[in-house]
Amino acid sequence: MEVLLQQLVNGLSLGSIYALVALGYTMVYGIIKLINFAHCDIYMIGAYLGYFCMTSLGLSFFPSLLIAMAGSMVLGVLIEKIAYKPLRNAARISLLITAIGMSLFLEYGTMFFVSPKVRTYPALSGFMTKSFHLGNVLITMQQIVILATTVVLMLALQYIVRYTRSGKAMRAVALDKDAAQLMGIDVDRTISITFAIGSALAGAAGVLVGVYYNTINPLMGATPGLKAFVAAVFGGIGLIPGAMLGGYFIGIVEVLVAGYGNSMYRDAVVFAILILILILKPAGLLGKNVGEKV
Amino acid sequence: MKNRKLLPLLLALLAAYAGVWAMMSTGVINDYSFAVIVTICINIILATSLNLVTGFTGQFSLGHAGFMSIGAYTCAIITKSNPTLPGFFLGVFAGAALAALVGILVGLPTLRLRGDYLAIATLGMSEIIRVIFLNLKITNGAAGLSFLPQFVDWNYLFFFTAATILLLRNFINSSPGRACISVREDEIAAESMGVNTTKYKVAAFSMGAFFAGVAGALYASYFYFIKPDLFNFNKSIDILVIVVLGGMGSLSGSVISAILLQLITAWLASFPEIRMVLYAAMLVAIMLFRPQGLLGSTEVGDLFARRFGRLGTRKSEREV
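Everything numeric here is computed off the predicted structure, so don't read it as measured data.

(A) The arrangement of the overall build of chain A in detail. Within chain A, the regular secondary structure consists of eleven helices and four strands. Relative to the 2.2 N^0.38 estimate, which gives 19 Å for 294 residues, the radius of gyration of chain A is 19 Å and therefore close to what a compact globule would have. C-alpha atoms of chain A, sized along the principal axes, occupy 60 × 45 × 35 Å. Each of the 294 residues in chain A was classed as buried or not, and the buried ones make up 52%. Residue pairs at least 24 apart in sequence account for 75% of intrachain contacts in chain A once pairs closer than 6 positions are excluded.

(B) Molecular detail of the overall build of chain B. Across its full length, chain B carries 13 helices and zero strands. For chain B, the N- to C-terminal ordering of α and β elements is α-α-α-α-α-α-α-α-α-α-α-α-α. Radius of gyration (C-alpha) of chain B: 19 Å, near the 20 Å computed for a compact globule of 320 residues. Taken over the C-alpha atoms alone, chain B extends approximately 55 × 50 × 40 Å along its principal axes. Within chain B, the fraction of its 320 residues that count as buried is 48%. Sequence separation of 24 or more characterises 79% of the internal contacts of chain B that already satisfy a separation of 6 or more.

(C) Expanded view of the interface of chain B and chain A. With 36 residues of chain B in contact, the opposing surface of chain A contributes 32 residues. Counting residues per element, the ones that place at least two in the side of chain B that touches chain A are α4 (85-110), α5 (115-135), α10 (233-246) and α12 (275-289) of chain B. By residue number, the principal contributor to the side of chain B that touches chain A is α5(B), which donates twelve residues. Taken together, the residues that form the side of chain B that touches chain A break down as 28 nonpolar, four polar and four charged.

(D) Broad picture of the pairing of strand β3 (residues 137-140) of chain A. All names here are of chain A. Relative to β3, strand β2 (residues 131-134) is paired through four bridges, and the arrangement is antiparallel. Looking at the pairing, Ser131 lines up with Thr140 of β3. Counted between consecutive antiparallel strands, the loop separating β2 from β3 contains two residues, among which Gly135 sits at a positive phi close to 65 degrees.

(E) Region of the structure containing the confidence of the model for chain A. Averaged over every residue, the pLDDT of chain A is 88; the share at 70 or more is 98%. Taken element by element, the predicted model of chain A shows its lowest mean pLDDT in β2(A) (81) and its highest in helix α3 (residues 61-84) of chain A (94).

(F) Representation of the nonpolar core in the model. In terms of nonpolar packing, the biggest core is built from 196 residues, with A:Val21 and A:Ala204 touching the most fellow members. Per element, the largest residue contribution to this core is 17 residues, and it comes from helix α9 (residues 197-222) of chain B.

(G) Examining helix α4 (residues 92-114) of chain A more closely. Residues and elements named next belong to chain A. A rise of 1.5 Å per residue sets the reference length of α4, with its 23 residues, at 33 Å; its end C-alpha atoms lie 33 Å apart and thus fit the reference within 8%. Burial analysis of α4 places 17 of its 23 residues in the buried class, which makes it a mostly covered element. After α4 finishes, the residue Ser115 shows a positive phi value of roughly 70 degrees.

(H) Local environment of the confidence of the model for chain B. Residues and elements named next belong to chain B. Counting all residues, the mean pLDDT for chain B is 86, and 94% of those residues have values of 70 or more. Taken element by element, chain B is modelled with least confidence in helix α13 (residues 300-307), mean pLDDT 71, and with most confidence in α9, mean pLDDT 94. Across residues 310-320, where pLDDT falls below 50, the model places 17 contacts with residues more than four positions away in sequence or in other chains. In the model output, the complex is listed with pTM 0.85 alongside ipTM 0.80.

(I) Representation of α4(B). Given a rise of 1.5 Å per residue, 26 residues ought to cover 38 Å, and the 37 Å separating the end C-alpha atoms of α4(B) matches this to within 8%. By the burial criterion, the buried members of α4(B) are B:Phe88, B:Gly91, B:Val92, B:Gly95, B:Ala96, B:Ala99, B:Ala100, B:Gly103, B:Val106, B:Gly107 and B:Thr110. Of the surrounding elements, those touching the buried residues of α4(B) are α11 (266-280) of chain A together with α3 (64-81), α5 and α9 of chain B.

(J) Fine view of the environment of A:Met102. The topology assignment puts A:Met102 in helix α4. Given 26 C-beta atoms within a 10 Å radius, A:Met102 is considered buried.

(K) Expanded view of the environment of B:Asn234. Mapped onto the elements of the fold, B:Asn234 is located in helix α10. Separated by 223 residues in sequence, B:Asn234 and B:Leu11 place their C-alpha atoms 35 Å apart.

(L) Main features of the packing of helix α7 (residues 175-185) of chain B against α9(B). Residues and elements named next belong to chain B. At a closest axis distance of 9 Å, the pairing of α7 and α9 adopts a crossing angle of 105 degrees. One element, α7, and the other, α9, form an angle in the roughly perpendicular class. Mapping the contact onto sequence places Pro176, Ala179, Cys180 and Val183 in α7 and Thr197, Tyr200, Lys201, Ala203 and Ala204 in α9. Taken together, the residues that form the contact of α7 with α9 break down as seven nonpolar, one polar and one charged.

(M) Fine view of unusual backbone geometry. One non-glycine residue, A:Ser115, adopts positive backbone phi at about 70 degrees. Considering the arrangement of structural elements, one finds A:Ser115 in the loop between α4 and β1 (119-120). Within the chain, B:Tyr224 stands out as a residue other than glycine whose phi angle is a positive 60 degrees. Note that B:Tyr224 resides in the loop between α9 and α10.

(N) Local environment of the environment of B:Tyr32. Note that B:Tyr32 resides in helix α2 (residues 31-56). Through-space distance from the C-alpha of B:Tyr32 to that of B:Ala266 is 9.8 Å; in sequence the pair is 234 residues apart.

Calculation criteria
Numbering of residues starts from 1 in each chain and follows the order in which that chain's sequence is written. Here chains are named by letter from A upward and ligands by number from 1 upward, in the order in which they appear as written. Predicted model: local features are reported for residues with pLDDT of at least 70 only, side-chain atom pairs are reported and counted for 80 or more only, and whole-chain, interface and lining totals are derived from all residues. Here a strand is any run of E in DSSP of at least two residues, a helix any run of H or I of at least four, and the numbering for each starts at the N terminus. We compute the radius of gyration from the C-alpha atoms alone; for a globule the expected value is 2.2 Å times N to the 0.38, where N is the number of residues. Burial in this document is a count-based property: other C-beta atoms within 10 Å of a residue's C-beta are tallied, and the residue is buried at 20 or more, exposed at 12 or fewer, or partly exposed in between, with C-beta positions derived from the backbone. Our contact criterion uses C-beta atoms placed from the backbone: two residues qualify when those atoms are within 7 Å. Polar here means any residue outside two lists: the nonpolar Ala, Val, Leu, Ile, Met, Phe, Trp, Tyr, Cys and Pro, and the charged Asp, Glu, Lys and Arg; Gly therefore counts as polar. Between any two strands, at least two bridges found by DSSP are needed for them to pair. Known as pLDDT, the predictor's confidence for each residue is given on a scale from 0 to 100. What makes a nonpolar core is a set of buried Ala, Val, Leu, Ile, Met, Phe, Trp, Tyr and Cys residues, with links drawn between C-beta atoms within 7 Å. One less than the residue count of a helix, multiplied by 1.5 Å, gives the span that helix is expected to have. Lines fitted to C-alpha atoms define the axes, with helix axes restricted to the stretch in contact, and inter-axis angles between N-to-C directions lie between 0 and 180 degrees. Under this scheme an angle from 65 to 115 degrees is roughly perpendicular, one under 35 degrees roughly parallel, and one over 145 degrees roughly antiparallel; angles in between are oblique.

Next up, the structure:
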């Protein structure tokens, strides 16, 4: 029982990171129907920004987190303006290939500028090193910070999407781009805002993963990116609560498979669950099946 | 496309065969450039077969590397225990058949899904195949299989590549091939015209898997060494890039872009630090300036025919 609880605590931390990345995937997909492959590299660059803030600038955790989020936000919007916007009316597959090209560009560009070597996040100091025992379950301060940061960011996101004008515009554009435009919504600006928010969340996830696992490298985004995308599909792509649910589910499943089964199979189990969900409920767990119009 | 276009295609294939053969016997092509040619041929097989699934039938697959790995491992295991020429052929066909079988098994449930959902399901499938190979004893886990007997020379390579191109071309021009294209154009309309869409989707999918298996077997039997990480998600993406760059629904486009991309990669090998950065930048630039790919959905033959006025109207370039 204690082992299970411990695994759940670990799963929640990992799931928080997946959920943050998945939110960016799901928001972008919801609004322009693009699987944004470059998203996982924004997460990687967020991790690097946080790393340089902590080492070169000697900042503590929270300022680094904020700077990394701001940097990722700018990068996300730039990518959208340069690479995706000119293809808004092209075939979707060309857009997808552009996203793949952008992803490779970021990965290998980072490798060129900061070298491909693995870097270690600086040791944390002060209150971040504390840990607690609840019975035999160990909860580290890092895990609490990860969970708390994620919850705060998700609440902020919910607030933006539900109660602000930009959020309303985002929902309208996701529902029907043309109609939204006719109602006077600036579609280009709304899409940029979506990329900005999604990228900031990914940057935050990057810093959190650096703090949690300590090591970062230029290709660190690929596998978590794929899993975060799976999480988004699992919950119902395009749906913000779906991405959160999917992220935590995938994180917990992965930790449980690694803990009780064979850790070599944990990726296979994640993908098998994905295929099952897709076959049984193609629109995802929270998604509604929409009938096809002829 | 009428049958009269078969002749130029055969001539082009023969010219390619004779050209490479002549360059090999005069020593213009060394071991390194021959490895480039092998990669080109394998990529041609992979790209044309994926084009059948994605370009012609309109089923967006991100799992082609998974089928390739099935062919590679089957051929490797067979030729390791039976390192003879019949063993090699058995390996190629067993690998391809196994890949096609897995293609049918995977395709039957997942091809009900549309668009991006299918892409994600095939992606998941190929990752599962990779993890299985990573954990099996017979495939030697992450270290992979090495010191495989090498059988592939230019003759066999050419035979399999040309056979793939010809078979796929004939399939697309046949009645089932037309049915596949109708599924791409409008699945509901095709269904209401009496086309069994599931049947043709699964047929195209398993045929694509078959040729991917052939390509994997050739790979294993030329490069001595295979490991699961060679067939990861990035490999599937590489193949898709070739297809989209050449033009979805254009076999000759896939052939040309497979050659072009490999030549670019070989040329970029002299700048190892920024090789991938340049490659990625080029990819984005090409997509920004020519989103429909090099040839769109036309074939090289059509371009010539149009030039000489045999084709009355220009085929409109479709979007998927």
